[in-house]
Amino acid sequence: MSDSQITVATSVHEEVRNPALLHHFATEQQQRDASSLGMWIFLGTEVMFFGGLFCAYLIYRLWYFGDFAAAAQTLNSWLGMTNTIVLICSSLTVVFAVYAAQHGKRTMLLASLALTLLFGLAFLGIKGMEYREKFENHHVPGASFSFVKTVPGHPDEMANPRHAEIYFALYFIMTGLHALHMIVGIGIFIWLLTMAWKGRLTPEYNTPMEIGGLYWHFVDIIWIYLFPLLYLIDLHK
Amino acid sequence: MTTDTKIEHSSSLGTYVLIWALLIIGTIATVVAAHIDLGPFNAAVALAIASTKALLVALFFMHIKGAHERLLKLVVVTTIFFLIILMALSMADYGTRYWS
Amino acid sequence: MSTAIAQPVERENYLNTQYGVGSWLLTTDHKRIALLYLASITFFFFIGGFFALLIRLELLTPAGDLVQADTYNKLFTMHGQVMVFFFLIPSIPAVLGNFLVPMMIGAKDLAFPRINLLSWYLYIIAGILMLHCILTGGVDTGWTFYTPFSTEYSNTKVIEAGLAIFISGFSSILTGLNFIVTIHRMRAPGMTWTRLPLFIWAHYATSIIQILGTPVIAITLVLVVAERALHLGIFDPKLGGDPLLFQHLFWFYSHPAVYIMILPSMGVVSEVIACFSRKRIFGYSFVALSSIAIAVFGFLVWAHHMFVAGISVYAALIFSLLSYSVAVPSAVKVFNWTATLYKGSIHYEAPMLYAFGFLGLFTIGGLTGLFLAALGIDVHVTDTYFVVAHFHYIMVGGALMGYLGGMHFWWPKITGKLYPEGWARLAALIVFVGFNLTFFPQFILGYLGMPRRYFDYSHMPEFQVLNVLSTAGATILGIGYLLPMIYFLWSMRYGKPAPDNPWNAAGLEWQTQSPPKTFNFDEEPVVTWEAYNYDEIDKAHPEEVHVVG
């Protein structure tokens, strides 16, 4: 494999050096490319991190399909769909923010960042509502777990509560980990909003915006998979 | 200092809105399809739609499409490959465990 | 280029440019961070070694009379955890890799110096947590944390140990991330991929494994901690869970992890063999690509740790076949190193002695891995001392020898001092003899049926002779390890000042002063030569092959 560019030997002279350019990089392009590659690789590690959970989920869903379907149908798929739409809208506002930063449009940048934050908080709010409902119904794994329901499509067969508990364990760990990443994302975007307010995101230097955006889209992609897998099992039954 | 700054080929705002619309449609389609009995294919359809949505986000929102080198695509493909390995080779065990 | 003139005045370098604890604890200089790691991993090596000592003392007699059974379980568990996660996995990448990767490619630092420092702090936090765990009761599940013992029945500090390893995993991930971005983005002009030292290729491959594998054990430990804390049933068969799922997820990382431990060592061996045979590495591209192949294939074989655990026989067959294939790239390397030695001008300095040791011991370790990959043999020798001997041949006879060889090779560069060559050669021989005496009897013990992780073998008293030999060997090995620590420390104060290139070695790192300046190069180098251009180097300076300390 070969990179299409080899660093040119001329480094930037000290007097005209952009203060955002760190000392060990020769050019801003190199710094930008390094940051971008770094974030993509980090996202790769995140895919593998969630991937272990998806693998566990895959295996148990195949083993205990009926019980998983019963458990999944106690979730509110409309709230799940709403949350999916909320995140998709937030991804749109993120790309608008990146565009605005690249083109020097301050108002658009600030508005897009603020909207992204609002969408993110809305997502967490809806998730919180869902968690509370699960807590009230004793569907949180642990000492007070209780699950009495029939298997969808088999009205005379009760779902195995032990298997349903595995479903809920995975549900809470997967969506909880996702929510944790959302919180971190919101933190990152608050920081970006602050930087934008101070005028530090410009067409010449907007790398934090770009890589912050990559992180946010990744969290969106995880939810794009979580939603159908967790919420939409055998809804036709 | 903009002379050597290569901005990733950015799509236009219109393209972004189009992708957004496709994602919303995909979401609705997923929910609708889940209410139709497709037998064993419900999961496959759901995953196919989800993967299409993920691809759209990655290609257009995360700018892989306009990336000027193949390295980023290699990172994505490699990661997905090893995730599939984890699941597929685990299934080599789980799928055959109860064959007598 | 070797200079024989001693420097009367100490030149400014990365060590003397700033003094004070703050300048070390807040440094972003990759070379200082490498030394921070050196101190930390050496500390943990002592701890892991201490547990090994107790294990070997217990096994001197068939009866379990030194410690109690539960204590013995803790000893081998913590020996494994500390040695694997807090010594071997960081060792070469965090010390030699951090120090050399930027210099070998002509860069001023790694791509993300602050993340490099963060990586060390994560390691330290993990280490403190692990230390606390050890001092307040320890953990007895085996380093492999198998469920449901670890999640339900063990009454030791599983959660704390799990968290410590979780945090150390992120240290490892960040190091790997830093290396990959650095190697892609920070190479000097003219340093094309095919001119890179094989040390760089090895670290690149290692970093791929760190990036892709470590997150999986991270999430697995999260699941174990969650299950233990909340009594979930993910891995508990009574509650519908599958203990084998834990093993699949655990070994998905922990097998590639062994390649994290060996690949950097192979990188060192390439550098050392080339230098001390004064030849290019034979089959450079094969060796480079075999590193990548090991990284890729290493992810396909994990269930060979589970052949008798209850996986399906069809899966076992697949994994057995894949495990055979992963040996091929390693063999390619061994053949190429051997071909490099052929008709080379061989010199027997300490680094080369360690490289020779590596060649032999890694070959034995690797071949015995193939025995284990054969299902029929594995059924008999799995969970016996045969397995213990196999992995110690690779990790100690292989990885640790490479680490020691690398430390000796680059010591003059790192410290600007020469170590005493006579003592170093003696220590290398002692290590080699001690190592073989410790672990070869274990192959025999395992084959004869002595199970691993047993503290009491009084029902098989005939095993005592071999165990005594093994403990004797371990004592000699321990002396062999202490010697370098002593003379390395001695050399920092009293050693002869090292020339910039004492070995007349190829490689950009040798073009810097010893010790290097903070930003490595005065001017960005422009590379126009191939790697390992020893024929050119020796032609230019036929009278100076190398300087011996």
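What you see is a predicted model, and the numbers here were worked out from it, not measured in a lab.

S.K.: Any chance you could explain the overall build of chain B here in plain terms?
M.R.: From N to C terminus, chain B includes three helices and zero strands. Going residue by residue from the N terminus, the α and β elements of chain B occur as α-α-α. For chain B, buried positions account for 30% of its 100 residues. Restricting to contacts in chain B with at least 6 residues of sequence separation, those with at least 24 account for 50%.

S.K.: In this structure, what is going on with the overall build of chain A? I would like to understand it.
M.R.: Scanning chain A from N- to C-terminus turns up six helices and two strands. In sequence order, chain A lays out its α and β elements as α-α-α-α-β-β-α-α. Its C-alpha radius of gyration of 22 Å places chain A more than 25% over the 18 Å reference for a compact globule of 237 residues. Its C-alpha atoms put chain A at 80 × 40 × 30 Å along the principal axes.

S.K.: So what exactly am I meant to see when it comes to the interface of chain C and chain A here?
M.R.: One widely used convention gives an interface's size as the accessible area the parts lose upon coming together. Across the boundary between the two partners, chain C contributes 34 residues, which contact 35 residues of chain A. For the side of chain C that touches chain A, the secondary structure elements donating two or more residues are α7 (158–185), α8 (198–230) and α9 (243–277) of chain C. Broken down by element, the side of chain C that touches chain A gets its largest block of residues, nine residues, from α8(C). Partitioning the side of chain C that touches chain A into residue classes produces 24 nonpolar, six polar and four charged.

S.K.: What is the right way to look at the environment of A:T84 in this model?
M.R.: Mapping A:T84 onto the fold places it in helix α3 (residues 77–103). On the basis of neighbour counts, which here come to 27 C-beta atoms within 10 Å, the residue A:T84 falls in the buried class. Taking the C-alpha atoms as reference, A:T84 lies 13 Å from A:A179; in sequence the two are 95 residues apart. When neighbours within four sequence positions are excluded, A:T84 is seen to be in contact with A:W223, A:I224, A:F227 and B:T27.

S.K.: Please clarify how the nonpolar core should be interpreted in this entry.
M.R.: As a rule of thumb, soluble globular proteins bury nonpolar side chains together. Counting 288 residues, the largest nonpolar core has A:L170 and C:I105 as the members making the most contacts within it. Considering each element in turn, this core owes the most residues, 23 residues, to α9(C). The residues that make up this core include at least three from each of domain 1 (1–68) and domain 2 (69–100) of chain B. If we skip the residues at most four places from it in the chain, C:I105 touches C:I183, C:M186, C:R187, C:A188, C:M191, C:L196 and C:I200.

S.K.: Please clarify how helix α12 (residues 350–373) of chain C should be interpreted in this entry.
M.R.: End to end, α12(C) covers 34 Å across 24 residues, agreeing with the expected 34 Å (1.5 Å per residue, within 8%). Summarising burial for α12(C): 17 of the 24 residues are buried, a large majority.

S.K.: Help me understand the pairing of strand β2 (residues 154–158) of chain A, please; the structure alone is not making it clear to me.
M.R.: Moving residue by residue along a regular strand, the side chains alternate between the two faces of the sheet. Residues and elements named next belong to chain A. Where strand β1 (residues 150–151) lies against β2, two bridges are found, and the strand directions are antiparallel. Residue V151 lies in a different strand from β2, and its bridge partner there is H154. Turn length for the β1-β2 hairpin, with the two strands adjacent in sequence and antiparallel, is two residues, and the turn residue G153 shows positive phi of about 90°.

S.K.: I would appreciate a short explanation of the interface of chain B and chain A in the present structure.
M.R.: Listed as interface residues are 38 residues of chain B and, on the opposing side, 38 residues of chain A. Residue assignment for the side of chain B that touches chain A shows that the elements contributing at least two residues are α1 (13–34), α2 (41–61) and α3 (71–94) of chain B. If you tally residues by element for the side of chain B that touches chain A, the top one is α3(B), at 10 residues. When the residues that make up the side of chain B that touches chain A are grouped by side-chain class, the tally is 25 nonpolar, eight polar and five charged.

S.K.: Where do I start with helix α5 (residues 113–135) of chain C in this structure?
M.R.: Each full turn of the α-helix corresponds to 3.6 residues, which orients residues three or four apart in the same direction. Residue and element names in this part refer to chain C. End to end, α5 covers 33 Å across 23 residues, agreeing with the expected 33 Å (1.5 Å per residue, within 8%). Taken together, the buried positions of α5 are P113, N116, L117, S119, W120, Y123, A126, G127, L129, M130, C133 and I134. Next to the buried residues of α5 lie α2 (30–58), α3 (69–88), α4 (91–105) and α7. Of the residues trailing α5, G137 is marked for its positive phi of about 135°.

The rules behind each value
- Residues numbered from 1 in each chain as written.
- Chains lettered and ligands numbered in written order.
- Predicted model: local features only at pLDDT ≥ 70, side-chain atom pairs only at ≥ 80, totals over all residues.
- Helix = DSSP H or I, 4+ residues; strand = E, 2+ residues; numbered from the N terminus.
- Buried ≥ 20, exposed ≤ 12 C-beta atoms within 10 Å, placed from the backbone.
- Contact = placed C-beta atoms within 7 Å.
- Rg over C-alpha atoms; globule rule 2.2 N^0.38 Å.
- Nonpolar A, V, L, I, M, F, W, Y, C, P; charged D, E, K, R; others polar.
- Core = buried A, V, L, I, M, F, W, Y, C linked by C-beta atoms within 7 Å.
- Domains from an automatic or database assignment.
- Expected span 1.5 Å × (residues − 1).
- Pairing = 2+ DSSP bridges.

In short, the description is geometric, and any link to function would need to be established separately.
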